[in-house]
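# Observations on chain architecture
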Amino acid sequence: MKICVLGLGHIGLPMAALFATNGYEVVGIDINKNIVESINKGVAPFEEPGLPELLEEVIKSKSLIAKTEVEEADVFIIAAPTPLDKEMKIAELKYVRSAAEMTYPYLRKDNLVVLESTVPPGTSKKLLIPILERSGLKVGKDFYLAHCPERAIPGNTIYEMIHNNRVVGGIDKKSAELAKSLYSCVVKGNFYLTNIITAEFVKLMENTFRDINIALANEFAQIAEECGVNVWEAIELANKHPRVNILKPGPGVGGHCIAIDPWFLTENTTRCRIVSLAREINDGMPNHVLQIVKRMLEGVNDPIITVFGVAYKGDVDDTRETPALKFIKLAENEGYKVKVHDPHVKEFEYELLTLEDAVRDSDCIVLITDHKVFREVDPKEISSLMRSKNVVDTRNILDARRWEEEGFRVKVLGDGMGKT
Ligand code: SAJ
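None of the values given here were measured: they were computed from a predicted structure. (Residues numbered from 1 in each chain as written. Predicted model: local features only at pLDDT ≥ 70, side-chain atom pairs only at ≥ 80, totals over all residues. Heavy atoms only, no water.)

Next up on the list: the site of the ligand. Not every one of the 19 residues close to the ligand is listed here, only the nearest: Arg 151, Lys 203, Asn 207, Arg 210 and Tyr 312. In this structure, Arg 151 approaches the ligand through a main-chain N or O atom, which is 2.6 Å from an oxygen atom. The contact in question runs from an oxygen atom of the ligand to an N or O atom on the side chain of Arg 395, over 2.8 Å. Within the complex, 87% of the 740 Å² of free accessible area of the ligand lies under protein. Residues that form the shell around the ligand fall into these classes: 9 nonpolar, 3 polar and 7 charged. When residues of the shell around the ligand are assigned to domains, at least three fall in each of domain 1 (2-196) and domain 2 (230-420). (Near = heavy atom within 4 Å. Polar contact = N/O pair within 3.5 Å; in protein donor to acceptor, adjacent residues only side chain to side chain. Areas by Shrake-Rupley, 256 points an atom, 1.4 Å probe, with all protein chains shown as cover. Nonpolar A, V, L, I, M, F, W, Y, C, P; charged D, E, K, R; others polar. Domains from an automatic or database assignment.)

So, in structure tokens, the structure goes:
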């Protein structure tokens with residue numbers, strides 16, 4: 001059986017490699033020539049644990065080949081990105097549209113098309129089917145269509161692709177069954193079959209649920225600061241309740257999913273209230289962090305600050321929708337000079353400096369990303385380089401006492417018991 005995977009990003013590439021290692025002939029398609037070249041050399045174009053080894057194996061065995069043009073296959077999997085139009089807060093579906101347009105000339109009787117990309121409810125029916133039927137084939141009669149949204153988390157993608165449960169929505173029962181049997185050679189989790197729009201909706205509900213719960217944690221952090229409570233301790237205690245599981249506050253929500261998918265729900269209805277509010281609270285966090293920094297640096301002339309971490313979360317190199325960017329831009333608008341350090345990230349809108357260069361003459365370290373390496377930074381080694389010794393820890397990962405012993409003033413987001 002031959003599978004054509006369209007879109008070799010964070011989801012498409014690992015999925016293509018997993019199919020390839022499980023006996024399928026896989027052709028991966030991407031419009032970006034550099035990505036295609038890199039994959040064919042066996043080099044993963046982004047950081048993901050386990051992917052380099054997997055890729056090396058399937059490229060060597062030729063079970064996966066990357067190309068820029070679609071070709072005939074038994075199955076087409078569309079894993080194109082669905083970014084957010086930031087001004088309008090609606091899904092930008094041009095990549096899904098163009099993947100469908102690239103597919104339909106090669107569509108043959110009894111083919112299966114699977115949409116993996118996260119989309120607003122109704123997209124498969126309203127956008128995808130009319131394009132695919134330009135082939136002259138009828139969905140449900142001549143070809144099959146399913147939506148099989150991915151739930152794997154960046155940083156643990158390979159494991160989760162294999163072990164997570166999958167919701168599969170079919171345009172009809174046969175389509176869902178075919179998609180299930182295709183994925184079951186890779187996926188060890190359970191399958192739950194439904195119709196196509198429900199599958200689209202479920203995926204958005206999952207990520208919206210998470211966004212709202214992070215917003216709640218962020219609101220608790222702000223209330224705790226005003227009430228003189230340490231929110232981290234309070235959350236730990238509240239979570240001892242058998243039915244409570246509060247998430248962690250932080251500098252905002254980033255990544256390609258949680259910060260975006262809730263808008264795919266709001267664009268389809270006038271009834272979203274809590275969903276939009278959660279987005280607003282989470283998007284307000286970089287500004288809240290800046291207010292903390294401002295209070296710490298009151299009276300400092302020409303302040304220089306150092307941002308620790310621009311990846312959207314710990315131990316990944318991914319900066320998509322990172323709250324760090326908004327924080328940096330707001331800080332610059334405030335007149336601060338901002339220096340950036342992130343040992344995981346290779347490319348960013350701002351120059352990435354070594355630890356020493358980033359902290360030299362700085363007045364404050366603002367820890368945005370919970371990379372493990374930041375826990376290991378020795379305050380003793382950098383304290384003499386800094387102009388004034390201040391740290392804002394938005395993830396509560398530093399050993400505050402150790403930093404304070406070196407003369408640093410430390411403020412932890414959500415800690416209303418702190419001294420500043
Ligand atoms: N965050 C917090 N507090 C928390 C948890 C996360 O502030 O307690 C922040 C993170 O720092 C990050 C953002 O939220 O900026 C999102 O991180 P995440 O770890 O929740 O999720 P992603 O975007 O890396 O991956 C998610 C996964 N969702 C989860 O529910 C864990 C994954 O299951 C989805 O499949 C994926 O999005 C996707 O593709 O939709």
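Let us keep going from here.
Our focus in this paragraph is the sheet that holds strand β12 (residues 337-341). Pairing is parallel across the open sheet formed by 5 strands, whose spatial order is β12-β11-β13-β14-β15. Single-partner strands in this sheet number two, and they are β12 and β15 (409-412). Each neighbouring strand pair of the sheet contributes to a mean axis angle of 20°, computed without reference to strand direction. Note: strand β13 (residues 364-367) against strand β14 (residues 390-393), 3 bridges, orientation parallel. Within the sheet, the bridge partner assigned to Val 366 lies in β14 and is Val 392. Contacts from helix α12 (residues 285-296) reach β11 (304-308), β13, β14 and β15, with the element oriented near 160° to β14. (Pairing = 2+ DSSP bridges. Helix = DSSP H or I, 4+ residues; strand = E, 2+ residues; numbered from the N terminus. Axes fitted to C-alpha atoms, helices over the stretch in contact; angles between N-to-C directions. Contact = heavy atoms within 4.5 Å.)

Mapped onto the elements, Phe 201 comes out in helix α8 (residues 196-227). Sequence separation between Phe 201 and His 341 is 140 residues, and the spatial gap between their C-alpha atoms is 38 Å. In this view, Phe 201 contacts Pro 121 and Leu 265; residues no more than four positions away in its chain are not counted.

To continue, consider helix α3 (residues 51-60). Think of an α-helix as 3.6 residues a turn; residues three or four steps apart then line up on the same face. Every buried residue belonging to α3 is among Leu 51, Leu 54, Leu 55, Val 58 and Ile 59, and all of these are buried. Seen from one end, α3 has its buried residues packed into an arc of 120°, which puts them on one side. Of the exposed residues in α3, the ones pointing more than 90 degrees away from its buried face are Glu 53 and Lys 60. Buried residues in α3 make contact with α1 (12-21), α2 (33-40), β3 (64-67) and α6 (157-163). Residue Lys 62 follows α3 closely and has a positive phi angle near 60°. (Buried < 20%, exposed > 50% of the residue type's maximum accessible area, 1.4 Å probe, protein only. Arc of directions from axis to C-beta.)

On the surface, Leu 216, Phe 220 and Ile 223 cluster together to form a nonpolar patch covering roughly 230 Å² of accessible area. Checked against the element boundaries, Ile 223 lands in helix α8. Residue Ile 223 is classed as partly exposed on the basis of its relative accessible area of 41%. (Patch = residues over 30% accessible without salt bridge, like charges linked within 9 Å, V, L, I, M, F, W, Y side chains within 5 Å. Salt bridge = Lys/Arg side-chain N within 4 Å of Asp/Glu carboxyl O.)

A separate point is the packing of aromatic side chains. Applying the stated criterion to the full structure yields 5 aromatic pairs. Measuring from centroid to centroid gives 5.3 Å for Phe 19 and Tyr 183, while their planes differ by 70°, and the two rings are edge-to-face. Within this pair, whereas Phe 19 is found in helix α1, its partner Tyr 183 is found in helix α7 (residues 173-183), the two being separated by 164 residues in sequence. Judged by relative accessible area, which is 0%, Tyr 183 ranks as buried. With centroids separated by 4.9 Å and ring planes inclined at 75°, the aromatic side chains of Trp 403 and Phe 408 adopt a geometry described as edge-to-face. Per residue, the accessibility class of Trp 403 equals that of Phe 408, and both read buried. Three or more aromatic residues joined by ring pairs form one cluster here, namely Phe 19, Tyr 24 and Tyr 183. (Phe/Tyr/Trp six-rings, centres within 6.5 Å; stacked < 30°, edge-to-face > 60°.)

None of this, on its own, says anything about what the molecule does.
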